[in-house]
Amino acid sequence: MPRYDVIIATRVLQKEAYKALVRKYCDVIWKDAGVIRDISTLGTRDLPHALPIKTERGTEKIWRGTFFCLDAMMTESTAEKLEALPELDNDSIYSKVLPMMQTAPMWCNYRERKNREFAAFQQNQQNFDQFLETVEDNGEEELREGREEQ
């Protein structure tokens, strides 16, 4: 299953209402066999412009909202359901489902290249050690031959 970031914007609520709202989104993900990896709040912030929301009295414009981020693994059909959920709920302003870029395959072969470089370095180091051993052996043999000749 692909991994997504779900961004939820809500109007300013009480703590219990936040819990219930996030639970609604989690239930939608869980019903379709999704996995929630992390839930984080981005805090209450001023919105860049007034957003209309539905209330019992009609529509109202709000200037402040609280943002949540869910890191989830789910199907594409679940992502579509999550984007439609604010239309059914009065507390949500909007929700956006974004695919995470870390799940995209990277074919740069960085790790393999580094492993090859390290292996070549080790091979060169081993060859150098063997070279030193042969030089030392040859040097001792040459000294022995030189002593025998004298």
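Calculation rules
Here the residue numbering is sequential within each chain, running from 1 through the sequence in written order. The predicted origin of the model limits local features to residues at a pLDDT of at least 70 and limits the giving and counting of side-chain atom pairs to 80 or more, whereas totals for whole chains, interfaces and linings rest on all residues. The side-chain figures draw on all heavy atoms in the structure; neither hydrogens nor water molecules are used. Here, any two strands with at least 2 DSSP bridges between them count as paired. Secondary structure elements are defined from DSSP: runs of H or I of at least 4 residues count as helices, runs of E of at least 2 residues count as strands, and each element is numbered from the N terminus. Only the contacting stretch of a helix is used when fitting its axis, a line to C-alpha atoms as for every element, and angles between N-to-C directions run 0 to 180 degrees. One less than the number of residues in a helix, times 1.5 Å, gives the span that helix is expected to have. The buried label applies to any residue whose accessible area, calculated with a 1.4 Å probe on protein chains only, is under 20% of its type's maximum; exposed applies above 50%, and partly exposed to all values in between. For this quantity, the arc is that covered by the directions from the helix axis to the C-beta atoms. In what follows, a contact means two residues having at least one pair of non-hydrogen atoms within 4.5 Å. Each polar contact in these results corresponds to two N or O atoms within 3.5 Å; when the atoms are within protein, one needs to be able to donate a hydrogen and the other to accept it, and residues that are neighboring in sequence are counted only if both atoms are side-chain atoms. Throughout, nonpolar core names a set of buried Ala, Val, Leu, Ile, Met, Phe, Trp, Tyr and Cys residues whose side chains join them through atoms within 4.5 Å.

Caption draft 1: Representation of the sheet that holds strand β4 (residues 92-99) in the model. Here 4 strands make up an open sheet; going across it, the order is β2-β3-β1-β4 and the pairing antiparallel. Since the sheet does not close on itself, it has two edges, and those belong to β2 (35-55) and β4, each with one partner. Across the sheet, the mean angle from the axis of one strand to that of its neighbour is 20°, orientation sign disregarded. Two elements, strand β1 (residues 3-10) and strand β3 (residues 58-73), share 8 bridges in a ladder whose sense is antiparallel. Paired with Ala9 across the strands is Phe67, a residue of β3.

Caption draft 2: A look at helix α1 (residues 15-31). With 17 residues, α1 extends 24 Å from end C-alpha to end C-alpha; this agrees with the ideal 24 Å at 1.5 Å per step. Every buried residue of α1 is listed here: Tyr18, Leu21, Val22, Tyr25, Cys26, Val28 and Ile29. What you see down the axis of α1 is that its buried residues fit within an arc of 155°, all on one side. Structural note: α1 exposes Glu16, Lys19 and Lys31 on the side pointing more than 90 degrees away from its buried face. At its buried positions, α1 is contacted by β1, β2, β3, α2 (76-88) and β4. Phi for Ala33, located one or two positions after α1, is positive at around 65°.

Caption draft 3: Fine view of the side chain of Thr78. Tracing the sequence through the fold places Thr78 in helix α2. On the basis of relative accessibility, which here comes to 0%, the residue Thr78 falls in the buried class. Side chain to side chain, Thr78 and Asp32 meet in a polar contact 2.9 Å long. Residues in contact with Thr78, not counting those within four places in the same chain, are Val28, Ile29 and Asp32.

Caption draft 4: A look at the pairing of β1. β1 sits mainly inside the fold: 7 of its 8 residues count as buried. In the sheet, β1 pairs with β4 via 7 bridges, with the strands oriented antiparallel. When the bridges of β4 are listed, Ile7 appears paired with Lys96.

Caption draft 5: Region of interest: unusual backbone geometry. Even without a glycine there, the phi angle at Ala33 is positive, about 65°. One can find Ala33 in the loop between α1 and β2.

Caption draft 6: Expanded view of the side chain of Arg3. Along the chain, Arg3 turns up in strand β1. At a separation of 2.6 Å, a polar atom in the side chain of Arg3 contacts the side chain of Asp71.

Caption draft 7: Layout of the nonpolar core. With 20 residues, the main nonpolar core has Met74 and Leu82 as its most contacted residues. Secondary-structure elements contributing two or more residues to this core are β1, α1, β3 and α2. For this core, the leading source of residues is α1, giving 7 residues. Excluding residues within four positions of it along the chain, Met74 makes contact with Met1, Pro2, Tyr4, Val6, Ile29, Gly34, Ala79, Leu82 and Val97. Among the nonpolar cores identified, the runner-up in size contains 7 residues, and Ile53, Ile62, Phe67 and Ile93 belong to it.

Just geometry here; none of it tells us what the structure is for.
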